There are 2 protein chains.
Amino acid sequence: MKIETVLSPALFYQIEHLEDKVVVVIDILRATSTITTILHHGATAVIPTKEEAVAQEYKAKGYLAGGERSGETIPGFDFGNSPFHYKRELIHGKEIVLTTTNGTKCIEMAQNAYQVVIGSFLNLNKVVEHITFMNRDIVLFCAGWKEKINLEDSLFAGAVASYFADDDLDDSTLLCLDSYKVTKDHLFDTLRKSNHFRRLASKGVIEDIEYCCMLNTINSVGILKDGKLILA
Amino acid sequence: MKIETVLSPALFYQIEHLEDKVVVVIDILRATSTITTILHHGATAVIPTKEEAVAQEYKAKGYLAGGERSGETIPGFDFGNSPFHYKRELIHGKEIVLTTTNGTKCIEMAQNAYQVVIGSFLNLNKVVEHITFMNRDIVLFCAGWKEKINLEDSLFAGAVASYFADDDLDDSTLLCLDSYKVTKDHLFDTLRKSNHFRRLASKGVIEDIEYCCMLNTINSVGILKDGKLILA
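Residues numbered from 1 in each chain as written. Chains lettered and ligands numbered in written order. Predicted model: local features only at pLDDT ≥ 70, side-chain atom pairs only at ≥ 80, totals over all residues. Heavy atoms only, no water.

1. Describing the interface of chain B and chain A
Quick reminder of the rule: Two residues form a contact once any of their heavy atoms are found within 4.5 Å. Two parts placed together each lose some accessible area under a 1.4 Å probe, and the buried area is that loss summed for both. The term salt bridge refers to a side-chain nitrogen of Lys or Arg lying within 4 Å of a carboxyl oxygen of Asp or Glu. Here a polar contact is taken to be a pair of N or O atoms separated by no more than 3.5 Å, where protein atoms must pair a possible hydrogen donor with a possible acceptor and residues adjacent in sequence count only if both atoms sit in side chains. Helix numbers and strand numbers start at the N terminus; a helix is a DSSP run of H or I with at least 4 residues, a strand a run of E with at least 2.
Every contact between the two is made by 33 residues of chain B and, on the other side, 33 residues of chain A. Between chain B and chain A lies a buried interface of about 2,700 Å² when both sides are counted; carbon and sulfur atoms form 56% of it. Contact with chain A buries area across many residues of chain B, yet Asp171, Leu175 and Lys193 of chain B alone supply 24% of it, more than any other trio. Taken together, the connections running from chain B to chain A amount to 2 salt bridges. Asp166 of chain B is paired through a salt bridge with Lys193 of chain A; the nearest N and O atoms lie 3.1 Å apart. Across the chain B-chain A interface, the total number found is 9 residue pairs in polar contact (both at pLDDT 80 or more). Looking at the side of chain B that touches chain A, the elements with two or more residues in it are helix H6 (151-161), helix H7 (171-183) and helix H9 (195-201) of chain B.

The structure is reproduced here in structure tokens:
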């Protein structure tokens, strides 16, 4: 059971034998944290799409729609990308179409994997438990920001890696693991220094970032099945 | 003065305004450690080329030639890529043509930068002193291995970053810095876990790796000028 980390979508082409591997898609701020929250709050499925037009079509058919572009809610949509928008009473028992800048793009890139898993700090233990149970080679796929490497996704890769033996990790994963070791007790303060924090914080969403740094508040995990994200 | 880190040649396209920036090329095992050693041992210049055929042409004209492919000395060449091959009595006062798998490729990719600097642990302090003096935005360009991210180059980027303020660092650089913080007191043991170590160690070059992990044994720095690497 080997673990590779893809630190940017621009490096995803390096993955061989994708069809045999379990891919954990990681977009901590905020797509995969929000998807994890949506499923936890009782939505029956999240339909991810990178195309706003596709989300608009679903919306026209009566689906609830969420999405942002460059951090802003798409006009006319029911929700943005903040996990706080998706209250249980609004979404329980419903299917939600979701389009985001980076995260849903990565889900589509990874769709031919043996399985696509949605990762977040909120359900770290559950993600690790799930992929351990799968017993296959693992790819930790960091969405980054517009193809650039970001700190929060890399640190989550390190967090997952901390549950496995060093001999199973490639160099990218070792890099993330060492970083996680020094930052895990003050994640939020670490992310204060990150590029993403500077960008999101300026839009007044500090609460979102604090939420997305919380560890193991959710005990379920989302996977991709037939184009929809559902609970495993 | 901003610092960006490019963790793989496949991400180098993300650098904007290259012509205004100082690029530190990093191929710790072993190209940039060896180049630093060659210049320290009195060679007047190193001519880097990614093409073996170009190196062969120089060799035919009487130059000393060094090079490896996938870790092995090229047949007929005077030296491989081990720093121990380049003894002072053999190279003092001479120009050496050098071709390597990853490092010289990166030097060529970066050649339109304001300045290209050769980085290694051997002369870390001198590299930092030099780029600080240049007072321009900095790119730490890790050669990696066949486009893949590697641990030793990333940790050197972190070592350089440790001399600068966090606010000046992009996320890739912060990732390297945090990893360097936990590994700096046992670099060699850390690299024992790396992919590159497993590959090189199997060729019996542990001594090279120990040498390339030594800090500040050389007090000079190489830069690219008119296609040749010379002392700054």
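So that's the structure; there's more coming.
2. As for the packing of helix H5 (residues 124-134) of chain B against H6 of chain B
Residue and element names in this part refer to chain B. Our working definition: Between N-to-C directions, angles span 0 to 180 degrees; the directions come from axes that are lines fitted to C-alpha atoms, helices contributing only their stretch in contact. Under this scheme an angle from 65 to 115 degrees is roughly perpendicular, one under 35 degrees roughly parallel, and one over 145 degrees roughly antiparallel; angles in between are oblique. By convention the crossing between two helices is left-handed if the near helix lies anticlockwise of the far one by an angle smaller than a right angle, and right-handed if it lies clockwise. Put simply, Ala, Val, Leu, Ile, Met, Phe, Trp, Tyr, Cys and Pro go in the nonpolar bin, Asp, Glu, Lys and Arg in the charged bin, and everything else, Gly too, in the polar bin.
Interaxial distance between H5 and H6 falls to 10 Å at its minimum, and their mutual angle equals 55°. Classed by the angle they form, the pair H5 and H6 counts as oblique. Between H5 and H6 lies a crossing whose hand is right-handed. When H5 is examined against H6, the residues Leu124, Val128 and Ile131 are found in contact with a partner set consisting of Phe156, Ala159 and Val160. For the contact of H5 with H6, a count of residues per class yields 6 nonpolar, no polar and no charged.

3. What about the relation of the copies chain B and chain A?
The following threshold applies: Only residues with pLDDT of at least 70 in both copies contribute their C-alpha atoms to the least-squares superposition of the copies.
Its rotation angle being 180°, the transformation that places chain B on chain A also includes 0.0 Å of axial translation and leaves an RMSD of 0.0 Å. Each copy turns onto its partner about a two-fold axis. Across chain B, the smallest distance between a C-alpha and the rotation axis is recorded for Ser179 of chain B, namely 2.2 Å. Interface overlap between copies: 100% of the residues of chain B at the interface are likewise at the interface in chain A, consistent with a symmetric, same-surface contact.

4. Focus on the pairing of strand S8 (residues 138-142) of chain A
For a regular strand, side chains alternate in direction, first toward one face of the sheet and then toward the other. Selection criterion: Here the term buried applies to any residue with accessible area under 20% of the maximum for its type, exposed to any over 50%, and partly exposed to those in between, with areas from a 1.4 Å probe on protein chains only.
For S8 of chain A, the buried fraction is high: 5 of the 5 residues fall into the buried class. Of the two faces of S8 of chain A, the one lined by Ile138, Leu140 and Cys142 of chain A and the one lined by Val139 and Phe141 of chain A are each fully buried.

5. Concerning the packing of helix H7 (residues 171-183) of chain A against H7 of chain B
Contact geometry of H7 of chain A with H7 of chain B gives a least axis separation of 8 Å together with a crossing angle of 75°. Comparing the axis directions of H7 of chain A and H7 of chain B gives the class roughly perpendicular. When H7 of chain A is examined against H7 of chain B, the residues Leu175, Cys176, Asp178, Ser179, Val182 and Thr183 of chain A are found in contact with a partner set consisting of Leu175, Cys176, Asp178, Ser179, Val182 and Thr183 of chain B. A per-class count over the contact of H7 of chain A with H7 of chain B returns 6 nonpolar, 4 polar and 2 charged.

These results come straight from atomic positions and should not be treated as a statement about function.
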